[in-house]
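Next come the chains, spelled out residue by residue.
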Amino acid sequence: MSNNNNSNNRFCISVKNLVKSYNTSNIKRNTIDNISFDIDYGTVFGFLGPNGAGKTTTIKILTGILQPTTGSIKIFEKDIKNNIKEIKRRIGVVTQNPSFESNLTVERSMELYGFLWGNPSNMNKDKVREMLDLFDLTSIREVRNEDLSIGQRRRVQIAREFLHDMDLLFLDEPTVGLDPRARRNLLNYIKKQVKHGLTVFFTTHIMEEVDYLCDQICIINKGKIIEFDTPQILKQKYGSTKKIEIILQNPISKQIHDYFKKLSANSIDIENIENTENTFSITSNNPQNILLSTVNYLFQNNIQIENISLNDPSIEDVFLKALKNNK
Ligand SMILES: Nc1ncnc2c1ncn2[C@@H]1O[C@H](COP(=O)(O)OP(=O)(O)OP(=O)(O)O)[C@@H](O)[C@H]1O
Ligand SMILES: [Mg+2]
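Overview of the domain arrangement of the protein
As a measure of interface size, the accessible area lost when the parts come together is often cited.
At step 1: Taken domain by domain, the protein comprises domain 1 (13-230) and domain 2 (240-311).
At step 2: Computed over C-alpha atoms only, the centres of domain 1 and domain 2 are separated by 42 Å.

Structure (structure tokens):
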């Protein structure tokens with residue numbers, strides 16, 4: 001599977017037949033089981049999958065932390081086997097488990113990080129200030145890293161990565177622990193950098209972020225790729241159905257429950273019905289009919305409706321369906 005819309009076949013990342021196996025209790029298991037994909041320059045690649053699917057392992061291999069068992073990897077069109085040093089200079093990594101210089105203040109640790117990247121000292125201080133400001137860290141710049149909250153730590157970890165210029169950034173669940181404002185801030189900043197040519201390899205479990213950011217989505221399960229395409233195409237592929245959501249003013253009575261039970265049993269057009277205290281979500285490939293008969297029923301029985309909506313499938317629906325089909 002590859003996104004071959006690049007006629008020169010010049011890819012930022014090109015992975016072929018990648019396998020990573022571990023021996024546990026003398027049984028060899030492929031954690032990464034023969035995956036291949038290409039990523040275009042200047043795009044956001046969303047790498048999705050359930051816990052333990054192999055996302056972090058793949059990132060560790062692509063960033064030279066782990067050795068693959070077999071397979072070939074090219075980054076910036078160069079084999080990582082022989083060029084990892086040169087490649088590392090041009091990439092940034094926000095790992096899932098951050099490491100810290102606990103005793104240093106936020107500002108000092110960032111200055112150190114910039115220095116290690118070779119930033120000239122006069123420019124380094126300015127760059128640190130800029131990033132402190134951008135990631136809303138200025139007011140806590142004197143606090144030691146070990147005294148930070150989890151979300152603040154995450155923000156420092158991300159901010160320090162942007163201290164150096166790079167062409168490719170790996171983000172392994174970067175928004176975990178971030179508050180909504182910090183998350184939106186980060187996503188917008190990434191978008192802006194991508195417009196300027198940055199390529200981003202992005203993992204998350206939050207599907208709205210995928211919708212907002214990703215040009216391509218790759219879903220892996222148990223080390224194998226099960227989907228790879230644009231969000232639009234995947235929504236179409238899994239989107240012959242729509243989701244009807246009906247919110248009632250009052251909690252759902254037994255009478256209404258029975259109505260939906262009957263509707264579900266008698267209609268081949270309904271794929272799934274879920275409910276909360278006062279909401280019904282119906283997934284159907286013939287939503288107009290279902291909607292019409294349901295509204296009719298509710299109206300005739302004098303049941304007050306708070307809101308009705310008809311929605312396309314979300315990336316979350318795509319993700320859940322792809323995994324269900326792959327069981
Ligand atoms: N050193 C190791 N030895 C044996 N198995 C390992 C080792 N490292 C990782 N694994 C296994 O590889 C699988 C993939 O782990 P990985 O961390 O890549 O998952 P992930 O997709 O990043 O999951 P999450 O969403 O929870 O972060 C897991 O089943 C894990 O137990
Ligand atoms: Mg992981």
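Quick notes on the pairing of strand S4 (residues 70-75)
At step 1: Direction of pairing for strand S1 (residues 13-24) relative to S4: antiparallel, over a ladder of five bridges. Paired with Ile13 across the bridge in S4 is Ile75.
At step 2: Here S4 pairs with strand S5 (residues 78-79) via two bridges, running antiparallel. Note on S5: the bridge partner recorded for Ile75 is Lys78.
At step 3: Linking S4 back to S5 in an antiparallel pair, the connection comprises two residues, with Phe76 at a positive phi of about 50°.

Here's the deal with the pattern of salt bridges
At step 1: Considering all chains together, one arrives at 17 salt bridges under this definition.
At step 2: With a shortest N-O distance of 3.5 Å, Arg141 and Glu107 are connected by a salt bridge. Within this pair, whereas Arg141 is found in the loop between helix H4 (121-134) and helix H5 (150-161), its partner Glu107 is found in helix H3 (residues 106-116), the two being separated by 34 residues in sequence.
At step 3: A relative accessible area of 12% means that Glu107 is categorised as buried.
At step 4: Sharing partners across several salt bridges, the network here consists of Glu107, Arg129 and Arg141.

Here's the deal with the site of ligand 1
At step 1: As a structural note, the neighbourhood of ligand 1 is formed by 13 residues, with Gly52, Lys55, Thr56, Thr57 and Gln96 the closest of them.
At step 2: Here an oxygen atom of ligand 1 sits 3.5 Å away from a polar atom, N or O, in the side chain of Thr31.
At step 3: Take Gln96: an N or O atom from its side chain is 2.9 Å from an oxygen atom of ligand 1.
At step 4: Expressed as a share of its isolated accessible area of 650 Å², the protein-covered part of ligand 1 is 64%.

Regarding the nonpolar core
At step 1: Core analysis: the largest hydrophobic core is formed by 45 residues, its most contacted members being Met110, Phe135 and Phe162.
At step 2: Not counting residues up to four positions away in its chain, the partners in contact with Met110 are Val128, Met131, Leu132, Val156, Ala159, Arg160 and Leu163.
At step 3: Core analysis: the next-biggest nonpolar cluster, separate from the first, contains 27 residues, Leu62, Ile91, Cys218 and Phe228 among them.

A word on the packing of helix H9 (residues 254-266) against helix H10 (residues 287-300)
At step 1: At a minimum axis separation of 12 Å, H9 and H10 run at an interaxial angle of 155°. Between H9 and H10, the interaxial angle falls into the category roughly antiparallel. Crossing handedness for the pair H9 and H10: right-handed. Within the contact between the two elements, H9 uses Gln255, Tyr259, Phe260 and Leu263 and H10 uses Ile290, Ser293, Thr294 and Tyr297.
At step 2: Split into classes, the residues belonging to the contact of H9 with H10 amount to five nonpolar, three polar and no charged.

Criteria and cut-off values
Residues numbered from 1 in each chain as written. Chains lettered and ligands numbered in written order. Predicted model: local features only at pLDDT ≥ 70, side-chain atom pairs only at ≥ 80, totals over all residues. Heavy atoms only, no water. Domains from an automatic or database assignment. Pairing = 2+ DSSP bridges. Helix = DSSP H or I, 4+ residues; strand = E, 2+ residues; numbered from the N terminus. Salt bridge = Lys/Arg side-chain N within 4 Å of Asp/Glu carboxyl O. Buried < 20%, exposed > 50% of the residue type's maximum accessible area, 1.4 Å probe, protein only. Near = heavy atom within 4 Å. Polar contact = N/O pair within 3.5 Å; in protein donor to acceptor, adjacent residues only side chain to side chain. Areas by Shrake-Rupley, 256 points an atom, 1.4 Å probe, with all protein chains shown as cover. Core = buried A, V, L, I, M, F, W, Y, C linked by side-chain atoms within 4.5 Å. Contact = heavy atoms within 4.5 Å. Axes fitted to C-alpha atoms, helices over the stretch in contact; angles between N-to-C directions. Parallel < 35°, antiparallel > 145°, perpendicular 65-115°, else oblique. Left-handed = near helix turned anticlockwise from the far one by under 90°. Nonpolar A, V, L, I, M, F, W, Y, C, P; charged D, E, K, R; others polar.

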